[in-house]
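One-letter residues, chain by chain:
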Amino acid sequence: MNTLRRFYRLSRPFWQDRQQWQAWLMLATVIGLGLLVVQINVLINSWSKTFYDTLAAFDTTGLYGLVGEYTLYLGLYVLIYVSIDYIRKALVLRWRQAMTARLTDAWLAEQAFYRLGLTGEPDNPDQRIAQDVDLMVDLSIELVASLVINLAQVGAFVVILWNLSGVQSFSLFGETFSVHGYLVWIVLAYTLIGSALTHWIGKPLHALNYQREHREADFRASLLRKRDHAEQIALYGGESVERQQLAQRFAAIAQNWRQLMGRERDLSLFTVAYQRFSLIVPVFAALPAFMAKAITLGGLMQIRSAFNAVHDSLSWFIKLYHKLVRWSAALERLDQFERAIRASRQQLVKAPQGSCLCARELTVCRPDGSALLSGLNLQVGQGQWLRLAGRSGLGKSTLMRTLQGLWPYCQGDWQLPPGRSLLVPQKPYLPHMSLGSLLAYPQLREMDDALLIDALDKVGLAGLRGRLDDHAEWERVLSGGEQQRLSLARALLFQPDTLYLDEATSQLDFESARGLLVMLRRELPACTVLAVTHQPGLAGLFERTLELETQPQPA
């Protein structure tokens, strides 16, 4: 039941959206075409009796006509099957697009992705959005459609099998009993026993598949981190450590894989034997009637076909058990992810926006609730430059993030400044995109090349003027100082009302850092600037310095 509740919560936003009427139409089409396949199977079942009776009578002329009839059924079956597959894939794509957009929007909204990382987010959110959504959507469509179609097939063939069964009489303890539709009761009992044994053997597969997705994602993420930090690893000569870590990650995958192999082997030993034995069960069950000449060879084959159709449909749980456990594992991972996002919103602390940046008795805490800075009072007028000073590790960067509204672990009264704000960190974020888009980040609108070139010139990166359309891994192309120059060019283009500089010139020499700050003051005269810097020669550029070490510290 927990799995069905998770499925309902995750699928409801898409299927209750009135704009998704086309998705309902596509699902109805898939199911409707599936019901046509059931009808074709019913016709083929009737055809099989006629064919085998004609074959037993050596009626060559009749056989040619029956072959033509079967060819027609086969052509219709192939056409319908291909159409079902195409429409199903289109529906999967539509649902996956909508669900991926919803999850990414929720993950990115109100800095949820940032807050989740502060307190231990669910493992590998990238894998949950990219892979688990695909797995859940694809299997959901397949499982729902196949369930409805199989139920319809059971309804169609149970009637046929019941009529073909007739009445079976037997004696027990001197009493004579008559059973109507005895073949139906045989297939029901056989399938129920098989389903129960399948679940008993395969139940551990749910946890193993959950672990599999986790460990595979950990290994991929570890590989990506090695690539992202290739230069640092090479400078340290840390290849042996990295190799050992990757080997440990893969060893966890191998251990899980062996456990899966063992459990799937046990399940296959049962299911394969079960499926193969089911092919002969109807023949043995109907053999007494055939030997008594109550039914013809064609009738025996028709019984076998109808019995297998009912059994195949009732065995939906057995046939798709390995997909069901993967589906339930994906549902659990996505449900955990959504619940974590919702919980992160409860941590959100929104400060009001006022006429200036100010705080009264502000306490900045660590994620565990212990105080990092306390009793902080400040007020920064519009256009003022304020430097935050204090020893390393005191919490200056955390305070800056609190004042910008990012850090949720705080208490007291404070208000955010008016207008737009931008925080320039010590290590800039340089995603893989064109240099022009990189300069405009985080703005979506395209900027005139002249503005981009002017910003590059002002921060001392005139050598990049001709590379605005180039895509590159800029973290590797640019030095640390060039990356910081580029981030200040972003600030020029963004035109913030409040600018937070967190060691934004630490990779530059004093003269270069001073020149860039002078340029910022000239180009952004109305901008309020709060800065953390350990370059003492820059202190004279600021109107005020707030010594945080003079603030009351927690006992």
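Residues numbered from 1 in each chain as written. Predicted model: local features only at pLDDT ≥ 70, side-chain atom pairs only at ≥ 80, totals over all residues. Heavy atoms only, no water.

A short note on the overall build of the chain
Point 1. Of regular secondary structure, the chain possesses 18 helices and ten strands.
Point 2. Against the 2.2 N^0.38 benchmark of 24 Å for 555 residues, the chain shows a C-alpha radius of gyration of 35 Å, more extended than a compact globule.
Point 3. Reported as C-alpha extents along the three principal axes, the dimensions of the chain are approximately 110 × 55 × 50 Å.
Point 4. Going through the 555 residues of the chain one by one, you find that 45% of them count as buried.
Point 5. The long-range share in the chain, meaning contacts at least 24 apart out of those at least 6 apart in sequence, stands at 79%.
Point 6. With an accessible surface of roughly 28800 Å², the chain has 59% of that area assigned to carbon and sulfur atoms. (Helix = DSSP H or I, 4+ residues; strand = E, 2+ residues; numbered from the N terminus. Rg over C-alpha atoms; globule rule 2.2 N^0.38 Å. Buried < 20%, exposed > 50% of the residue type's maximum accessible area, 1.4 Å probe, protein only. Contact = heavy atoms within 4.5 Å. Areas by Shrake-Rupley, 256 points an atom, 1.4 Å probe, with all protein chains shown as cover.)

Re the UniProt feature "transmembrane region" (unreviewed entry) in the chain
Point 1. Taking the UniProt record as the reference, the feature "transmembrane region" (unreviewed entry) is found at residues 21-44, 64-87, 143-162, 182-202 and 267-291.
Point 2. In this annotation, residues 21-44 is assigned 100% helix and 0% strand; the end-to-end C-alpha distance for the span is 35 Å.
Point 3. In residues 143-162, helix accounts for 100% and strand for 0%; the two terminal C-alpha atoms are 27 Å from one another. (UniProt positions renumbered as here; feature names shortened; annotations may be inferred.)

Some remarks on the packing of aromatic side chains
Point 1. Counted according to the given criterion, the structure contains 14 aromatic pairs.
Point 2. With a centroid separation of 5.4 Å and an interplanar angle of 80°, the aromatic rings of W15 and W95 are classed as edge-to-face. Taken as a pair, W15 in helix 1 (residues 2-15) and W95 in helix 3 (residues 60-108) lie far apart in primary sequence, 80 residues in all.
Point 3. In textbook terms, an aromatic cluster arises when at least three aromatic residues are bridged by ring pairs, as seen for F14, W15, W24 and W95. (Phe/Tyr/Trp six-rings, centres within 6.5 Å; stacked < 30°, edge-to-face > 60°.)

So, the sheet that holds strand 4 (residues 371-380)
Point 1. The strand order 4-3-6 describes an open sheet built from three strands, whose pairing is antiparallel. Both outer strands of the open sheet, strand 4 and strand 6 (410-415), are each paired with one neighbouring strand and no more. Neighbour to neighbour, the strand axes of the sheet diverge by 5° on average, direction disregarded.
Point 2. In this structure, strand 3 (residues 357-365) lies alongside strand 6, joined through five bridges in antiparallel fashion. The residue of strand 6 that forms the bridge with R360 is D413.
Point 3. Across the sheet, helix 13 (residues 396-403) lies against strand 3, strand 4 and strand 6, angled at about 125° from strand 3, the strand it touches most. (Pairing = 2+ DSSP bridges. Axes fitted to C-alpha atoms, helices over the stretch in contact; angles between N-to-C directions.)

A closer look at the state of the cysteines
Point 1. Scanning all chains against the criterion turns up zero disulfides.
Point 2. As a non-bridged cysteine, C410 has C365 as the owner of its nearest cysteine sulfur, 7.5 Å distant.
Point 3. Under the relative-accessibility criterion, C410 is labelled buried at 12%. (Disulfide = S-S within 2.5 Å.)

Overview of the side chain of S48
Point 1. Structurally, the position occupied by S48 is in helix 2 (residues 21-56).
Point 2. Given a relative accessible area of 9%, S48 falls into the buried group.
Point 3. Setting aside anything within four residues of it in sequence, one finds S48 in contact with M301, Q302 and S305.

With respect to unusual backbone geometry
Glycine aside, residues mostly have negative phi angles, and peptide bonds mostly take the trans form.
Point 1. In this model, Y441 is joined to P442 through a cis peptide bond whose omega is 10°.
Point 2. By secondary structure assignment, the location of P442 is in the loop between helix 14 (435-440) and helix 15 (449-458).
Point 3. Not every positive phi belongs to a glycine, and E361 is a case in point at roughly 50°.
Point 4. Along the chain, the position of E361 falls in strand 3.
Point 5. The backbone phi angle of E503 is positive, close to 55°, even though this residue is not glycine.
Point 6. Following the sequence through the fold, E503 ends up in the loop between strand 8 (498-502) and helix 18 (510-523).
Point 7. Taking relative accessible area as the criterion, E503 reaches 11% and is therefore assigned buried.

Brief notes about helix 7 (residues 205-228)
Point 1. The terminal C-alpha atoms of helix 7, which comprises 24 residues, lie 34 Å apart, in line with the 34 Å expected from a rise of 1.5 Å per residue.
Point 2. For helix 7, the full list of buried residues reads L205, L208, N209, Y210, E213, A217, D218, F219, A221, S222 and K226. (Expected span 1.5 Å × (residues − 1).)

Thoughts on the confidence of the model for the chain
Point 1. Confidence in the prediction for the chain averages 83 pLDDT; 93% of positions are at 70 or higher.
Point 2. Across the chain, the secondary-structure element scoring lowest on mean pLDDT is strand 1 (residues 167-172), at 62, and the one scoring highest is helix 15, at 93.
Point 3. This stretch, residues 550-555, has a pLDDT under 50; its non-local contacts, to residues over four places away or in other chains, come to 15 contacts. (pLDDT = per-residue confidence, 0-100.)

Notes on helix 6 (residues 182-202)
Point 1. Compared with the 30 Å implied by 1.5 Å per residue over 21 residues, the 30 Å span of helix 6 between its first and last C-alpha is a close match.
Point 2. Looking only at helix 6, the buried set comprises Y182, L183, V184, V187, Y190, T191, G194, S195, T198, I201 and G202.

Regarding the packing of helix 7 against helix 12 (residues 321-345)
Point 1. The geometry of helix 7 relative to helix 12 is characterised by a closest axis approach of 8 Å and an angle of 55° between their N-to-C directions. Here helix 7 lies oblique to helix 12, going by the angle between them. Where helix 7 crosses over helix 12, the two elements pack in a sense that is right-handed. Across the interface between the two elements, L205, H206, N209, Y210, R212, E213 and H214 from helix 7 touch Y321, V325, R326, S328, A329, E332, R333 and Q336 from helix 12.
Point 2. In terms of residue class, the contact of helix 7 with helix 12 is made up of five nonpolar, five polar and five charged. (Parallel < 35°, antiparallel > 145°, perpendicular 65-115°, else oblique. Left-handed = near helix turned anticlockwise from the far one by under 90°. Nonpolar A, V, L, I, M, F, W, Y, C, P; charged D, E, K, R; others polar.)

Regarding the sheet that holds strand 7 (residues 421-424)
Point 1. Reading across from one edge, 7-8-9-5-10 is the order of the five strands in this open sheet, with parallel pairing throughout. The open sheet has two free edges, formed respectively by strand 7 and strand 10 (544-547), since each of these has just one partner strand. Across the sheet, the mean angle separating the axes of adjacent strands is 15° when strand polarity is ignored.
Point 2. Examined bridge by bridge, strand 7 and strand 8 share four bridges and lie parallel to one another. Each residue of the ladder has a partner; that of L423, found in strand 8, is Y500.

Side note on the pattern of salt bridges
Point 1. For the structure shown, the criterion picks out 22 salt bridges.
Point 2. Residue D85 is joined to K89 by a salt bridge in which the shortest nitrogen-to-oxygen separation is 3.2 Å. Here D85 pairs with K89, and both are found in helix 3, just four residues apart, close to one helical turn.
Point 3. Its relative accessible area of 48% is what places K89 among the partly exposed residues.
Point 4. Across the pair D454 and K458 runs a salt bridge, and its minimum N-O distance is 2.9 Å. Pair noted here: D454 and K458 are both in helix 15, with a separation of four residues, about one helical turn.
Point 5. What makes D454 partly exposed here is its relative accessible area of 33%.
Point 6. A single salt-bridge network, built from bridges that share partners, covers R6, R9, D335 and R339. (Salt bridge = Lys/Arg side-chain N within 4 Å of Asp/Glu carboxyl O.)

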